[in-house]
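Fold and geometry: a report
Read off the chains here:
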Amino acid sequence: MQDIVASGDKFYRDRRGPILEAMLLLPLQVLALGVSPSSLCHYYQMSRMHAKEACNRFDVIVFRIYNHQYLSQPTATDLKNIVALHQRKHKVPGLMGSLDCTHLVWKNCPKAWEGSFKGKEKKTTIVLEAACDYNHYFWHASFGYPGSLNDVNILCFSSLYKSFYNDSLKNLEVAAGVVLYSIGNEKFDKVFFLTDGIYPCLDCFVKPIAAPVKQQEKRFTEWQEQARKDIERAFGMWKNSWHFVQHPIHLLNIQQIGCRVSCSIILHNMIVSDRIMGGDVHADYNPNLAQIDTNLSNTTSDTTRVPLTEHDGFIEHDNNQDETKRGEREEHLRLQNAIRHFINSN
């Protein structure tokens, strides 16, 4: 509440309307219960217009104040701690997190858009692509894709996919000192994500084996599916905490929906950070709190988090990437085989 008052927003400085506590509690209750603002306006003694405006302003001000801290790309220090956390929990080095998509039902989708937003669920949905760590903290979130797109199509629009090729992720890995790393007798120079079977065979993805036959393949697939449950649990915790994203969404404006979804993700990350950091609301989230690394230099790139942006547009096909993709498939299989042998040898 102090941060919102200190932001200087005119809506919260005007004390002629409802009290400040009511204008903050009503949007939180709307997010938590998944109900319309008009259903709570009588309890908080404000008009329907003011209740709706309070929710919209709350979404915007939370995003503006906390975007840099709770919805940002990981820094070098963050990446080093994420990899250390997963090595402690999942016993494999180089793991950055789990990547997946989830669909949110859009009840009041315009009729003209229903063809684009209706996919396999047979309902109009909007898709969120996200990546999280073992603690269920979202490090990547990209929202607003039509429900007719599958995970591979959405990946092509994602800023995460661009980071694989514009050297931004590579530079972060080098600054964090997480590469080169060894799995068994093999060395690798990229961190990787756990995904499901629909994703392409990139050198930074590890997928389960579709039809495991040998005992080694079964053990690897079991390990991969258990570790990838991090993102499924994160989606479940997020939706159970904020029923706005669990129930059909009644808003008409997709930009307002995106702003409210971003607000709910920020609040989710706040809760996770508060749990991991022992209730210290002023401390930056450290995923590997049990083993803090004090040797990493605190340069500007290490301490300054860059806020996540919306999708930067579709990545156009480049014929010169065909050879690269063939090489990535070979690297993907090498990484997968190395992890499989490592899991079965331990």
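Summary of the structure given here.

Quick notes on the rules
- Residues numbered from 1 in each chain as written.
- Predicted model: local features only at pLDDT ≥ 70, side-chain atom pairs only at ≥ 80, totals over all residues.
- Heavy atoms only, no water.
- Helix = DSSP H or I, 4+ residues; strand = E, 2+ residues; numbered from the N terminus.
- Expected span 1.5 Å × (residues − 1).
- Buried < 20%, exposed > 50% of the residue type's maximum accessible area, 1.4 Å probe, protein only.
- Arc of directions from axis to C-beta.
- Pairing = 2+ DSSP bridges.
- Axes fitted to C-alpha atoms, helices over the stretch in contact; angles between N-to-C directions.
- Parallel < 35°, antiparallel > 145°, perpendicular 65-115°, else oblique.
- Contact = heavy atoms within 4.5 Å.
- Phe/Tyr/Trp six-rings, centres within 6.5 Å; stacked < 30°, edge-to-face > 60°.
- Lys NZ or Arg CZ within 6 Å of the ring centre and 35° of its normal.

1. Considering helix H11 (residues 229–241)
Because each turn of an α-helix spans 3.6 residues, side chains separated by three or four positions end up pointing in the same direction. Over its 13 residues, H11 runs 18 Å from end to end, which matches the ideal 18 Å to within 8%, given 1.5 Å per residue. For H11, the full list of buried residues reads Asp-230, Ile-231, Ala-234, Phe-235, Trp-238 and Lys-239. Across the axial projection of H11, the buried residues extend over an arc of 160°, all falling on one side.

2. Description of the sheet that holds strand S2 (residues 95–105)
Spatial strand order, S4-S3-S2-S7-S8: five strands in an open sheet with mixed pairing. Looking at which strands have only one partner, the edges of the open sheet turn out to be strand S4 (138–146) and strand S8 (205–206). Sheet topology note: the S2/strand S3 (residues 125–132) ladder contains eight bridges and is antiparallel. In the sheet register, Leu-104 faces S3, and the bridge partner there is Ile-126.

3. Looking at the packing of helix H5 (residues 76–90) against helix H9 (residues 168–176)
In the contact formed by H5 and H9, the axes pass within 8 Å of each other and the chain directions differ by 75°. Considering the angle they form, H5 stands roughly perpendicular to H9. Along the contact surface, H5 presents Ala-76, Leu-79 and Lys-80, while H9 presents Leu-172, Glu-173, Ala-175 and Ala-176.

4. Brief notes about the packing of aromatic side chains
Tallied over the full model, the rule gives 18 aromatic pairs. Above the plane of the ring of Phe-244 lies Arg-260, whose end atom (NZ or CZ) is 5.6 Å from the centre.

5. Describing the environment of Arg-219
Looking at where Arg-219 falls in the secondary structure, it is placed in helix H10 (residues 215–227). Residue Arg-219 is classed as partly exposed on the basis of its relative accessible area of 33%. When the C-alpha atoms of Arg-219 and Arg-340 are compared, they prove to be 7.9 Å apart, with 121 residues separating the residues in sequence. Discounting residues that sit within four places of it in the chain, Arg-219 has contacts with Ile-343, Asn-344 and Asn-346.

6. Examining the environment of Lys-107
The topology assignment puts Lys-107 in the loop between S2 and helix H6 (114–117). For Lys-107, a relative accessible area of 52% corresponds to the exposed category. Expressed as a C-alpha distance, the spacing of Lys-107 and Thr-125, which sit 18 residues apart in the sequence, is 8.1 Å. Residue contacts for Lys-107: discarding those within four places in its chain leaves Pro-248, Ile-249 and His-250.

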